[in-house]
Each structure stands twice: as C-alpha cells, then as structure tokens.
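An overview of the molecular structure
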Amino acid sequence: MQAVLNYPKIAVIRPQGSLNAANALEFERDMTTVLAQNGVSILVVDLAAVESLDSAGLMALLSTHKLALTLGRSFQICAVAPSIRIIFELTQLDRVFEILDSEAELAQT
C-alpha cells in the first residue's frame, strides 16, 4: 500500500490511492510503528499519490499527530494535491498540521 523511506532521524511514508475507512487502521498502525522507532524524530507523510481522503483517513493522521506530540517528535505532511488540501482547509486541520509543499522543503526546516 505504501513505501517507507528512512533517512537519518527522518521517516517518510507514501500512501497511495484512497485513505478511507477500509484502510485507515492499517495506515495508522504503519505510521505509529515508524514513529515509535528509536532514532526517528520526524515523520513525514507524503500525500502526492493519495487520490481521496475521508474522515477515517483524517482521524488516522490526527491520532498519529497527537502521538508525535506526546513523544516529542515532529509530524509533517507534504505534497498535498489541491483536491485533498481543500479537505484540510474545510476542516481547519491545515492549522493543526505542518503542511509542506514538497519533501525538498523538509530539508529547509
């Protein structure tokens, strides 16, 4: 379903297709497993290949964001398509998440 790339202290997860009720629990489990690893201080979720996102997918992202805060780690989202970004804006979650335009922007943070 997704590729996981590891850089020193940075883990990137790239889900594909739909993030919905059918796969949200697996997606959240994948994110929390990576986030809980020693040595990972930043988790980046690259949404470039995500075509649709429902409330279950949003909750998986929000739960992982909350865990990251608890663990003192950074949680970022990048490469959000305009059709997905509007969901974050309508729910005002664009004010909660750190949303980068691309992975290249990560190097500047």
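Before reading on, note that the structure itself is shown above.
Reference entry: report on the structure contained in this document. (Residues numbered from 1 in each chain as written. Predicted model: local features only at pLDDT ≥ 70, side-chain atom pairs only at ≥ 80, totals over all residues. Heavy atoms only, no water.)

**Overview of the nonpolar core**
For the record, the criterion: In this text, buried Ala, Val, Leu, Ile, Met, Phe, Trp, Tyr and Cys residues form a nonpolar core when linked through side-chain atoms within 4.5 Å. Exposed residues in this analysis have more than 50% of their type's maximum accessible area, buried residues have under 20%, and partly exposed residues fall in between, with area computed by a 1.4 Å probe over protein chains only. Runs of H or I in DSSP of at least four residues are treated as helices and runs of E of at least two as strands, each being numbered from the N terminus. By the convention used here, residues are in contact when the closest approach between their heavy atoms is within 4.5 Å.
Met-31, Leu-61, Phe-75, Ile-77 and Phe-88 are the most contacted members of the largest nonpolar core, which has 26 residues in total. Elements that contribute at least two residues to this core include exactly β2 (10-15), α1 (24-35), β4 (42-46), β5 (50-53), α2 (55-71), β6 (74-78) and α3 (82-90). Element by element, the count of residues in this core is highest for α1, at five residues. Dropping the residues within four chain positions of it, Phe-88 is found in contact with Leu-47, Leu-53, Leu-58, Leu-61, Ile-77, Val-80, Leu-93, Asp-94, Phe-97 and Ile-99. One finds Ile-10, Val-12, Ile-42 and Ala-79 within the second-largest nonpolar core, a separate group that totals seven residues.

**Considering the packing of aromatic side chains**
Spelled out, the test is: Ring geometry is summarised as follows: Phe, Tyr and Trp rings, the Trp one being its six-membered ring, pair when their centres sit within 6.5 Å, and such pairs are stacked at plane angles under 30 degrees, edge-to-face over 60 and tilted between the two.
If you walk through the whole model with that rule in mind, you get two aromatic pairs. An angle of 50° between the planes, with centres 5.9 Å apart, marks the rings of Phe-75 and Phe-97 as tilted. Placement of Phe-75 in strand β6 and of Phe-97 in the loop between α3 and β7 (98-100) is noted, with a sequence separation of 22 residues between them. Judged on exposure class, the residue Phe-75 and its partner Phe-97 are both buried. Accessibility expressed as a relative area gives 5% for Phe-97, which makes it buried. Three or more aromatic residues joined by ring pairs make a cluster, and in this case those are Phe-75, Phe-88 and Phe-97.

**Regarding the pattern of salt bridges**
Here is the rule we go by: In what follows, salt bridge is the name for a side-chain nitrogen of Lys or Arg lying within 4 Å of a carboxyl oxygen of Asp or Glu.
Throughout the structure, instances matching the rule amount to two salt bridges. When the shortest N-O distance is used, the salt bridge between Arg-14 and Asp-46 registers 3.2 Å. Of this pair, Arg-14 sits in strand β2 while Asp-46 sits in strand β4, and the two are 32 residues apart along the sequence. Using a relative accessible area of 26% as the deciding quantity, one classes Arg-14 as partly exposed.

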